[in-house]
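Per-entry structural report
Okay, here's what each chain looks like letter by letter:
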Amino acid sequence: MVTSSAPGKVYLFGEHAVVYGEPAVPCAIEKRARVTAREIDEGLRVHVDDLTLDGYTVEYTGEDDGHPDLEADESLVRAGVGYINEAVAQARAVADRPDAGFEIVVESDIPLGAGLGSSAAVVVAAIDAASRELGVELTPEEIADRAYQVEYAVQDGQASRADTFCSAMGGAVRVEGDDCRRIGGVGNLPFVIGYDGGAGDTGELVAGVRQLREEYDFAADTVGAIGDIVREGESVLGTDDYDSMGELLNFNHGLLAALGVSSRSLDAMVWAAREGGAAGAKLTGAGGGGCIVALDETDGALTALRYTPGCEDAFRAELDTDGVRRE
Ligand code: MEV
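If you're wondering where the values come from, they're calculated on a predicted model, not measured in any experiment.

Broken down by element type, the protein chain carries nine helices and twelve strands. In summary, the protein chain has a C-alpha radius of gyration of 19 Å against a globular reference of 20 Å for 327 residues, a match within 12%. Projected onto the principal axes, the alpha-carbon positions of the protein chain cover approximately 55 × 40 × 40 Å. Residue burial in the protein chain is summarised as follows: out of 327 residues, 56% are buried. For the protein chain, the share of sequence-separated contacts (at least 6 apart) that also reach a separation of at least 24 residues comes to 73%. Entry remark: accessible area of the protein chain is about 13,300 Å², with carbon and sulfur atoms responsible for 43%.

What follows is the structure in structure tokens.
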């Protein structure tokens, strides 16, 4: 039996635009998904305990055609099962054990579909745990690549390498197309996260941006402008010039809102954080609901978020320099 964990992330800059080849800078945070893999005679048994789901167990012996008994929102469960199926398929392929059976237990501190990279963290940890259980040790880079193949398959080709690379490697990373690297010299950033208790559908949100981008030149320019923000942001990363960084976060949020991926509750939390004294704030991840990230060295934004109707949880998050690891 092997347990591995991998971190969630926030996007400092660049979500959505990264899907079209612009750069992005996600940062791993100290909120982890842990996956335990145990080899069994045949099939796949999955137990999941997640913050946004009361906890459910899915048990079946088939592959994708399994019809599990569901006690939670069916689409979330089906997506979760899809990620785990594909992650296990990757481990079976690397070990050349196509029929290996698994019991998989997932425990996560990361709310599902809320912009904190829950699916990437689960997939990365699952590939690591399941392949180790079959006696194969992959490098974090190999895991990142295989986890990307999983997200790509489950999200119908609507995925960049950003979430999976960040979760596998940890720290702050820069992703531009297939060029993925860790950014050195980034110390802890004063991240404050607000969570509205909701979730967005990444596939739908990415498809919406794609449609706007194809329809209007100014939407394509907006995506390009997000890339410009990232390039500008790189020059302040590694400094403690949070005012400049915050200004870029604000700009990035405005452009994401123009692309239709913000929501009333995300906007309310962004404004509450700013009015509470944050240097800047933006939604993080696919949007539609879920989380915002603010930069604030004081307690102001955190307090303001805690009093904001629609904000279900607010907390500080530390940069996690560890990527995937065996527990
Ligand atoms: C989702 O966490 C981030 C998006 O940019 C999609 C992706 O990069 O795969 C919206």
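Okay, back to it.
Taken domain by domain, the protein chain comprises domain 1 (2-183) and domain 2 (191-317). Between domain 1 and domain 2, the residue contacts involve 29 residues of the former and 40 residues of the latter. Summing the contributions of domain 1 and of domain 2, the shared interface buries around 2,800 Å²; its carbon and sulfur component is 69%. For domain 1, the biggest contributors to the area lost against domain 2 are Phe-13, His-16 and Tyr-20; these three give 27% of the whole.

Buried together is how nonpolar side chains tend to be arranged in soluble globular proteins. Counting residues in each nonpolar core, the largest one holds 103 residues, and the members touching the most others are Leu-12, Leu-189 and Phe-191. Ranked by the residues each element gives to this core, the list is headed by helix α2 (residues 118-133), at nine residues. The residue makeup of this core includes at least three contributed by each of domain 1 (2-183) and domain 2 (191-317). In contact with Phe-191, not counting residues within four places along its chain, are Val-10, Leu-12, Cys-27, Ile-29, Val-293, Ala-294, Leu-295, Phe-315, Arg-316, Ala-317 and Leu-319.

What follows covers the packing of α2 against helix α3 (residues 140-154). Direction vectors running N to C along α2 and α3 enclose 125°, while the axes themselves pass 9 Å from each other. As far as their axial angle goes, α3 and α2 are oblique. Our pair here, α2 against α3, has a crossing hand that is right-handed. Along its contact with α2, which presents Ser-119, Ala-120, Val-123, Val-124, Ile-127 and Asp-128, the element α3 presents Ile-143, Arg-146, Ala-147, Val-150 and Glu-151. Of the residues belonging to the contact of α2 with α3, the class tally is seven nonpolar, one polar and three charged.

A few words now on the confidence of the model for the protein chain. Residue-level pLDDT values for the protein chain average 91, and 91% of them are 70 or greater. Confidence over residues 61-67 falls short of pLDDT 50; this stretch has eight contacts with residues more than four positions distant or in other chains.

Bringing the site of the ligand into the picture now. Close contacts around the ligand come from Lys-9, Tyr-11, Glu-15, His-16, Val-18, Val-19, Ala-159, Ser-160, Asp-163, Val-206, Gly-285 and Ala-286, and that covers them all. Separating an oxygen atom of the ligand from a backbone N or O atom of His-16 is a distance of 2.9 Å. Ser-160 places a polar side-chain atom, nitrogen or oxygen, 2.6 Å from an oxygen atom of the ligand. Alone, the ligand offers 300 Å² of accessible surface; in the complex the protein occludes 96% of this. No fewer than three residues from each of domain 1 (2-183) and domain 2 (191-317) sit in the shell around the ligand.

The subject of this paragraph is a negative patch on the surface. Side chains of Asp-240, Asp-241, Asp-243, Glu-247 and Glu-297 sit close together on the surface and give a patch of like negative charge. With respect to the helices, strands and loops of the structure, Asp-243 is situated in helix α7 (residues 242-258).

Our next topic: the sheet that holds strand β10 (residues 291-295). Here four strands make up an open sheet; going across it, the order is β9-β10-β8-β11 and the pairing antiparallel. Either end of the sheet is taken by a strand with one partner, and the two such strands are β9 (280-283) and β11 (313-317). Here the average twist between neighbouring strands, direction ignored, is 20°. Across five bridges, strand β8 (residues 191-195) lies against β11 in antiparallel orientation. Opposite Ile-193, over in β11, you have Phe-315 as the bridge partner.

Rules of the game
- Residues numbered from 1 in each chain as written.
- Predicted model: local features only at pLDDT ≥ 70, side-chain atom pairs only at ≥ 80, totals over all residues.
- Heavy atoms only, no water.
- Helix = DSSP H or I, 4+ residues; strand = E, 2+ residues; numbered from the N terminus.
- Rg over C-alpha atoms; globule rule 2.2 N^0.38 Å.
- Buried < 20%, exposed > 50% of the residue type's maximum accessible area, 1.4 Å probe, protein only.
- Contact = heavy atoms within 4.5 Å.
- Areas by Shrake-Rupley, 256 points an atom, 1.4 Å probe, with all protein chains shown as cover.
- Domains from an automatic or database assignment.
- Buried area = accessible area lost by both parts, 1.4 Å probe.
- Core = buried A, V, L, I, M, F, W, Y, C linked by side-chain atoms within 4.5 Å.
- Axes fitted to C-alpha atoms, helices over the stretch in contact; angles between N-to-C directions.
- Parallel < 35°, antiparallel > 145°, perpendicular 65-115°, else oblique.
- Left-handed = near helix turned anticlockwise from the far one by under 90°.
- Nonpolar A, V, L, I, M, F, W, Y, C, P; charged D, E, K, R; others polar.
- pLDDT = per-residue confidence, 0-100.
- Near = heavy atom within 4 Å.
- Polar contact = N/O pair within 3.5 Å; in protein donor to acceptor, adjacent residues only side chain to side chain.
- Patch = residues over 30% accessible without salt bridge, like charges linked within 9 Å, V, L, I, M, F, W, Y side chains within 5 Å.
- Salt bridge = Lys/Arg side-chain N within 4 Å of Asp/Glu carboxyl O.
- Lys, Arg positive; Asp, Glu negative; His and termini not counted.
- Charge placed at Lys NZ, Arg CZ, Asp CG, Glu CD.
- Pairing = 2+ DSSP bridges.

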